[in-house]
Amino acid sequence: MKKQTDLFKPTPAGFHTALEDALAEAQAPKAKKRVPILVPGVAVAALLLLVLTPVMFPNVLGTKDEPSLVPETIGKYAFDLNLVQPGQSETAEPANKGPEFVKLVVTPIEGYRDRAEYEAELYPETPWDPRADDIKWYPVDNPSANGYSFFLSRPENKELYTMVGSYQKTNIGGHEAIIIEPAGSYHLRRVLMMYEDVNIVVTCYVNMKIPMEDMIRALEGISVIEGTPENNTPFSTEYKAESFPASPAENPYLTVIGKDLIFKEIGEEFTRNESITAKMESLEVLDNVKDLVPNEFLGYGYNYETESWLEYSDYVDAEGKLYPRISDVWIPGDRVNTVDLFVESNPYEQKYILFRVTYTNHTDEDVDASTGFELNFYDTDEKGKLIKSMALLNDRNADRDEFMYLSRNADGATGKQRRKGITLKAGETKTITIGYRCDERLLDQAYLTCKNGHDHTMELSTFKVTK
Amino acid sequence: MENKLFEELVLKNENRLYRLSMSILKNYADAQDAVHDAILIAFEKRETLKNPDAFGPWLLRILVRVCYKELRRKQRFADAPEYLQSVPSRDNPYADVEMGALLDSLPVKIRTTVLLHYVEGYSVKEVAQILRIAEGTVKSRLSTGRTLLKEKLETTEPVAQACRG
């Protein structure tokens with residue numbers, strides 16, 4: 001892009017001089033403060049007090065015999081946080097077990113708001129059920145960006161921290177803390193803060209774009225108090241103990257599907273839940289979606305310029321073809337001694353999987369339910385058994401699939417923020433159309449599965465997308 | 001970051017610092033003060049910058065904040081007669097007086113966005129990072145800036161050139 005800097009006069013020479021003055025002042029040694037000279041008797045008393053205070057009052061002046069947060073290096077990019085006091089048995093009970101229930105108290109700082117407020121504004125029709133262990137702040141001017149996330153754990157649980165670029169031990173708001181800078185592709189700064197009086201470690205995941213001074217200011221404002229059974233912050237295991245492969249030969253990503261995949265035919269009825277049966281009427285893969293109703297596409301992403309959800313034209317071109325997406329290819333590291341390495345970015349095409357399903361409510365009451373469908377990608381092992389797809393494992397930065405289309409008659413709702421489900425009156429039968437966009441490269445490994453019952457069901461009615 | 005490297009990077013951005021501060025504050029003395037403060041802040045925080053390649057946008061971000069702070073301070077005292085009497089006239093940094101007047105007529109946030117993108121040549125993403133706003137907001141401000149410029153001047157080659165980039 002051509003610059004228009006010639007619109008300006010040349011920078012005056014005096015400005016250059018001012019810059020040099022500022023640089024000189026910045027780099028000049030800071031003047032030391034005068035230390036008042038005490039009267040000898042007072043000085044002796046002060047010295048005695050300084051020596052004896054840690055013994056008489058261990059928490060005054062922030063002094064302690066030993067720190068609580070002790071990183072033990074495991075690898076080049078990892079440390080184990082040994083939260084047991086040095087010299088103490090690992091099975092010993094902590095001196096202070098802390099209250100059974102605790103409450104994390106956070107007040108978003110200027111420029112941020114918490115998840116509850118954000119969700120209520122963007123999803124006014126859907127009451128949000130906040131998970132107390134998922135406390136997040138988002139930037140006010142960019143809710144799609146990451147801000148802060150907070151998690152609680154007990155210090156006596158060992159923690160492994162990987163993808164560590166560097167760390168520094170410090171004190172934040174009077175609490176012992178460790179600030180961890182990320183390594184490799186990891187993009188969040190982690191801050192561990194010890195709350196000894198309640199025996200809690202707060203782990204904060206912070207967007208790297210947030211300046212350190214802002215982050216410190218924000219973290220100084222959080223506290224952990226005793227909670228009640230009705231009002232408490234659960235402990236989170238979600239981000240604990242990042243996996244450490246047992247051996248280099250072990251592939252940590254290979255998992256065997258634990259559920260029963262019951263293959264069904266087009267036109268064959270199957271159970272959706274205790275009230276509803278379903279039947280796949282048709283299943284096709286489309287190159288082009290121009291014959292579909294534009295306003296029946298579900299919303300995806302929020303446009304903060306227009307303060308509305310992305311429109312049809314944002315992801316479908318003039319010919320009705322889905323825009324290609326970009327994925328990034330990485331060579332994964334073990335995150336302990338090696339970090340992930342970026343290789344290249346690849347654009348890839350998308351296809352559309354469109355299928356019609358007839359649902360029947362066999363009860364005498366109206367029912368609501370999700371469609372029950374998911375798009376999964378399975379491969380087969382050497383014995384012909386379906387396993388989780390390893391294809392494109394190291395491709396990142398793009399979703400492989402997305403539930404994108406739901407015909408209006410599913411639940412009668414309008415707008416982009418429709419609930420992705422169905423409403424059936426007592427005894428009603430209706431056919432709805434569902435669409436997923438899919439990474440073209442994974443079509444042969446794509447399977448549509450439908451739950452029989454709830455999320456914990458072990459049985460999935462299954463349809464292979466391609467023959 | 002070593003002092004010598006810091007110094008080199010600051011001087012490398014000298015012209016940008018001048019143009020940006022003058023565009024926002026419209027006053028040479030105020031611009032010098034703002035740049036002075038921004039350099040002191042940047043030096044103190046230099047270790048928070050991990051990638052020296054991002055020094056320019058990082059320093060400009062600090063400067064924008066300092067300039068906006070100064071503007072707010074001025075607005076608070078704008079009603080004081082003694083302040084009004086001491087306000088110096090606008091110092092003109094523009095080689096093209098007409099174009100300069102056009103840019104000056106834009107609201108300060110739009111003017112800053114237009115300057116960073118069309119004059120300094122930063123991408124939308126970079127401008128968003130400097131101003132700590134969403135990319136959509138950058139685009140919106142650029143669009144508004146173009147509209148306002150067109151309204152004020154039906155057709156002027158420098159303006160058209162600037163808007164086309």
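All values reported here derive from a predicted model rather than from experimental measurement.

Draft legend 1. Summary view of the overall build of chain A. On a plain count of helices and strands, chain A comes out with five helices and 29 strands. Here the analysis covers contacts within chain A between residues at least 6 apart in sequence; of these, 66% occur between residues at least 24 apart.

Draft legend 2. Representation of the overall build of chain B within the structure. Looking only at helices and strands, one finds ten helices and zero strands in chain B. Starting at the N terminus and ending at the C terminus, chain B contains elements arranged as α-α-α-α-α-α-α-α-α-α. Classification of the 165 residues of chain B by burial places 37% in the buried group. Long-range pairs, those at least 24 residues apart, make up 68% of the contacts in chain B between residues at least 6 apart in sequence.

Draft legend 3. Broad picture of the nonpolar core. Core analysis: the largest hydrophobic core is formed by 48 residues, its most contacted members being B:A34, B:V35, B:A38, B:L59 and B:L63. The biggest single contributor to this core is helix α4 (residues 55-76) of chain B, with nine residues. If you count residues domain by domain, this core takes at least three from each of domain 1 (1-93) and domain 2 (94-165) of chain B. For B:V35, the contacting residues outside a window of four places in its chain are A:A18, A:L19, A:A22, B:L17, B:S21 and B:L63.

Draft legend 4. Spatial organisation of the environment of B:D53. Tracing the backbone through its elements, the reader meets B:D53 in the loop between α3 (28-44) and α4. On a C-alpha basis, the gap between B:D53 and B:L9 in space is 9.4 Å, while along the polypeptide they are 44 residues apart.

Draft legend 5. Main features of the pairing of strand β26 (residues 421-424) of chain A. Residues and elements named next belong to chain A. In β26, alternate side chains face the same way, and those of I422 and L424 are buried while those of G421 and T423 on the opposite face are not. Here strand β21 (residues 367-370) pairs with β26 via four bridges, running antiparallel. Following the sheet pairing, D368 is matched in β26 by T423.

Draft legend 6. Here's a closer look at the pairing of strand β19 (residues 341-348) of chain A. Residue and element names in this part refer to chain A. With zero of eight residues buried, β19 is to be regarded as a mostly surface element. Bridging between strand β18 (residues 325-331) and β19 involves seven bridges; their strand directions are antiparallel. Residue pairing for β19: I326 is matched across the bridge by P347.

Draft legend 7. Expanded view of helix α7 (residues 108-119) of chain B. Of all twelve residues that make up α7(B), ten are buried, and the element is covered over most of its length. Directly after α7(B), the chain includes B:G121, whose backbone phi takes a positive value near 85°.

Draft legend 8. Just the sheet that holds strand β20 (residues 350-361) of chain A, in detail. Residue and element names in this part refer to chain A. As summarised here, the arrangement of the five strands in space is β14-β15-β20-β27-β25, forming an open sheet in which the pairing is antiparallel. A strand with exactly one partner marks an edge of an open sheet, and here the two such strands are β14 (269-271) and β25 (401-406). Here the strands of the sheet are splayed against their neighbours by 35° on average, with no regard to which way each runs. Strand direction decides the pairing type here: β14 and strand β15 (residues 276-286), joined by three bridges, are antiparallel. Bridging from a neighbouring strand, F270 pairs with A278 of β15.

Draft legend 9. Just the sheet that holds strand β28 (residues 446-451) of chain A, in detail. Residues and elements named next belong to chain A. As summarised here, the arrangement of the five strands in space is β13-β29-β28-β22-β23, forming an open sheet in which the pairing is mixed. The strands lining the two open edges of the sheet, one partner per strand, are β13 (260-263) and β23 (386-388). The average angle at which neighbouring strand axes cross in this sheet is 50°, direction not considered.

Draft legend 10. Spatial organisation of the packing of helix α1 (residues 13-27) of chain A against helix α1 (residues 3-12) of chain B. As a packed pair, α1(A) and α1(B) sit with axes 11 Å apart at the nearest point and diverge in direction by 155°. Comparing their axes, α1(B) and α1(A) come out roughly antiparallel. Like other packed secondary-structure pairs, α1(A) and α1(B) cross with a definite hand, here right-handed. Every residue of α1(B) that contacts α1(A) at A:L19, A:L23 and A:Q27 is listed here: B:N3, B:E7, B:V10 and B:L11. Here the residues of the contact of α1(A) with α1(B) sort into four nonpolar, two polar and one charged.

Draft legend 11. Structural detail: the confidence of the model for chain B. Residue and element names in this part refer to chain B. In this model, chain B carries a mean pLDDT of 77, and residues with pLDDT of at least 70 account for 81%. Looking across chain B, the model is least confident in helix α5 (residues 81-86), with a mean pLDDT of 34, and most confident in helix α2 (residues 14-25), with 90. In the model, residues 77-89 has pLDDT below 50 throughout and makes four contacts with residues more than four positions away in sequence or in other chains. With pLDDT under 50 throughout, residues 155-160 is counted as low confidence; its partners more than four residues away or in other chains account for seven contacts. Scored by ipTM, the complex comes to 0.75, with pTM at 0.47.

Rules and cut-offs
Within every chain, residues take consecutive numbers counted from 1 along the sequence as written. As a convention, the first chain written is A and the first ligand written is 1, with the rest following in written order. In keeping with the model being predicted, local features are shown solely for residues with a pLDDT of at least 70 and side-chain atom pairs are shown and tallied solely at 80 or more, while totals for entire chains, interfaces and linings include all residues. In this description a helix means any DSSP run of H or I spanning at least four residues, a strand means any run of E spanning at least two, and both kinds are numbered starting from the N terminus. Contacts are defined on C-beta atoms placed from the backbone: any two residues whose C-beta positions lie within 7 Å are in contact. Counting other C-beta atoms within 10 Å of a residue's C-beta gives its exposure: the residue is buried at 20 or more, exposed at 12 or fewer, and partly exposed in between, where C-beta atoms are placed from the backbone. Core membership is restricted to buried Ala, Val, Leu, Ile, Met, Phe, Trp, Tyr and Cys residues, and these are joined into a nonpolar core through C-beta atoms within 7 Å. Domain delimitation follows an automatic or database domain assignment. Pairing between strands is defined by DSSP: at least two bridges between the two strands are required. Axis angles are defined between N-to-C directions and span 0 to 180 degrees, where every axis is a line fitted to C-alpha atoms and, for a helix, only to the segment in contact. In this scheme, roughly parallel covers angles under 35 degrees and roughly antiparallel covers those over 145, while 65 to 115 is roughly perpendicular and the rest are oblique. Note on convention: near helix rotated counterclockwise from far helix by under a right angle means a left-handed crossing. Clockwise means right-handed. Under the scheme applied here, ten amino acids are nonpolar (Ala, Val, Leu, Ile, Met, Phe, Trp, Tyr, Cys and Pro), four are charged (Asp, Glu, Lys and Arg), and all others, including Gly, are polar. Within a predicted model, pLDDT stands for the predictor's per-residue confidence, ranging from 0 to 100.

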